Amino acid sequence: MTRAAASPHRLDTALQALSGLSDTPLLSKALEEIFPGRACVVSAFGAESAIVLDLVARIDRRTPVLFIDTGKHFQETLDYRDMLIDRLRLEDVRSIGPARDATPGDPDGLLHQTNTDACCDLRKVQPLEKALAQFDVWVTGRKRFQGGARAVLPTAETDGPDRLKLNPLADWTPDRIDAYFDNFALPRHPLWHRGYRSIGCGPCTGKPIAAGDDRSGRWVGQEKTECGIHRYGERAA
């Protein structure tokens, strides 16, 4: 099911209303006041995903959570996903991804060995774009300290002509993240305890290779730093 596209005026008004807000105030206003029933969270159930999911669950645990099941995740990630669903009592976690019976363009499942961009597009970008068609806004867990294009990340931004994207942790620091895990006794991803700091698909994820750069273990040896589901340089609040 798709939804009627949000009008540019409505998005402008929403973007202005969300401007300057962060974490819980941002999520509360978006989920409860502006976009009730029209928002979702996109989560990889990675190293720090528990925080956004916990914040959202405290507001409305019925909020849909889209998990992009690429078929290439670590088993530890799948186990962690199930643990968090139970721990946070998430009521609507949806697995999306490419067709399992015959993945077009990657019949042997080895596309990541020759073209990581094409693999990400097939397994992440296309399924997510299709799933987002029914929502007016989606929530991510990106932070500015992760560097690269994320260094100037706003807390609210446009995502194409008829949708918004929220980054409630954009201005959070590593210390604040660690404190939240400790204060609320949230479980860490199993691979975090083994030194992984940014966790995506198994074939393209390793431990950080550069001090202070948590994402340096992703797509090692390539210029690639993002999977492609995020567009940068768009209008933000």
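Here the structure is shown first, and the text comes after it.
Definitions and limits used
- Residues numbered from 1 in each chain as written.
- Predicted model: local features only at pLDDT ≥ 70, side-chain atom pairs only at ≥ 80, totals over all residues.
- Heavy atoms only, no water.
- Helix = DSSP H or I, 4+ residues; strand = E, 2+ residues; numbered from the N terminus.
- Buried < 20%, exposed > 50% of the residue type's maximum accessible area, 1.4 Å probe, protein only.
- Contact = heavy atoms within 4.5 Å.
- Areas by Shrake-Rupley, 256 points an atom, 1.4 Å probe, with all protein chains shown as cover.
- Lys, Arg positive; Asp, Glu negative; His and termini not counted.
- Charge placed at Lys NZ, Arg CZ, Asp CG, Glu CD.
- 1 Å grid on protein atoms, 1.4 Å probe; cavity = no way out; pocket = protein on both sides within 12 Å on 5 of 7 lines; lining within 4 Å.
- Points joined across faces, edges and corners; volume = space filled by probe spheres on them.
- Nonpolar A, V, L, I, M, F, W, Y, C, P; charged D, E, K, R; others polar.
- Pairing = 2+ DSSP bridges.
- Right-handed = clockwise from strand over helix to strand, strands pointing away.
- Core = buried A, V, L, I, M, F, W, Y, C linked by side-chain atoms within 4.5 Å.

Visitor: Would you take a moment to explain the overall build of the protein chain for this structure?
Guide: Along the backbone of the protein chain there are six helices and six strands. Shown N-terminal to C-terminal, the secondary structure of the protein chain runs as helices and strands in the order α-α-β-α-β-α-β-α-β-β-β-α. Every one of the 237 residues in the protein chain was classed for burial, and the buried ones make up 51%. In the protein chain, 72% of the contacts between residues at least 6 apart in sequence involve partners at least 24 apart. Taken as a whole, the protein chain presents about 11,100 Å² of accessible surface, with 50% of it coming from carbon and sulfur. Side-chain charges in the protein chain split into 32 positive and 33 negative, and the spacing between the mean points of these groups amounts to 1 Å.

Visitor: In this structure, what is going on with the layout of surface pockets? I would like to understand it.
Guide: The method is simple in principle: a probe with the dimensions of a water molecule rolls over the atoms, and the space it marks as empty is what remains. In this structure, the largest pocket spans a volume of roughly 200 Å³. Lining the largest pocket are 17 residues, with Asp-213, Arg-215, Ser-216, Lys-224 and Thr-225 sitting closest to its centre. The class makeup of the residues in the lining of the largest pocket is four nonpolar, seven polar and six charged.

Visitor: How should I be thinking about the pairing of strand 2 (residues 65-68) in this particular structure?
Guide: Each regular strand displays side chains that alternate between the two surfaces of the sheet. Burial along strand 2 is two-sided: Val-65 and Phe-67 facing one way and Leu-66 and Ile-68 facing the other are all buried. The pairing of strand 1 (residues 39-42) with strand 2 spans two bridges and is parallel. Across the sheet, residue Val-41 finds its bridge partner in strand 2, namely Val-65. Two elements, strand 2 and strand 3 (residues 93-96), share four bridges in a ladder whose sense is parallel. What sits directly across from Ile-68, in strand 3, is Ile-96. In this fold, strand 2 hands off to helix 4 (residues 75-88), which returns the chain to strand 3; that crossover is right-handed.

Visitor: Honestly, the nonpolar core in this entry has me stumped. Any pointers?
Guide: Here is a general trend for soluble globular proteins: nonpolar side chains tend to be buried in one another's company. Core analysis: the largest hydrophobic core is formed by 38 residues, its most contacted members being Ile-51, Leu-53, Leu-164 and Leu-166. Apart from residues lying up to four places away in sequence, Leu-164 is in contact with Leu-11, Ala-14, Leu-15, Leu-18, Phe-35, Asp-136, Val-137, Trp-138, Glu-157, Thr-158 and Asp-159.

Visitor: Before we go on, may I ask you to explain the environment of Gln-126 in this structure?
Guide: Position of Gln-126 relative to the elements: it lies in helix 5 (residues 116-131). Expressed as a C-alpha distance, the spacing of Gln-126 and Thr-225, which sit 99 residues apart in the sequence, is 18 Å.

Visitor: It is not clear to me how unusual backbone geometry should be interpreted in this structure. Could you clarify?
Guide: As a rule of thumb, non-glycine residues mostly have phi less than zero, and peptide bonds are mostly trans rather than cis. Phi is positive for Phe-45, which is not a glycine, with a value near 50°. Along the chain, the position of Phe-45 falls in the loop between strand 1 and helix 3 (49-60). A positive phi is found at Ala-185, a non-glycine position, where the angle reads about 50°. In this structure, Ala-185 sits in the segment after helix 6 (174-183).

Visitor: Can you walk me through empty space enclosed by the protein in this structure?
Guide: The tally for this structure, following the rule as stated, stands at two cavities of 30 Å³ or more. When its volume is computed, the largest cavity comes out at roughly 630 Å³. In terms of lining residues, the largest cavity is bounded by 33 residues, among which Ala-44, Ser-49, Arg-150, Ile-199 and Arg-215 are the most central. Classifying every residue of the lining of the largest cavity by side-chain character gives 12 nonpolar, 11 polar and 10 charged.

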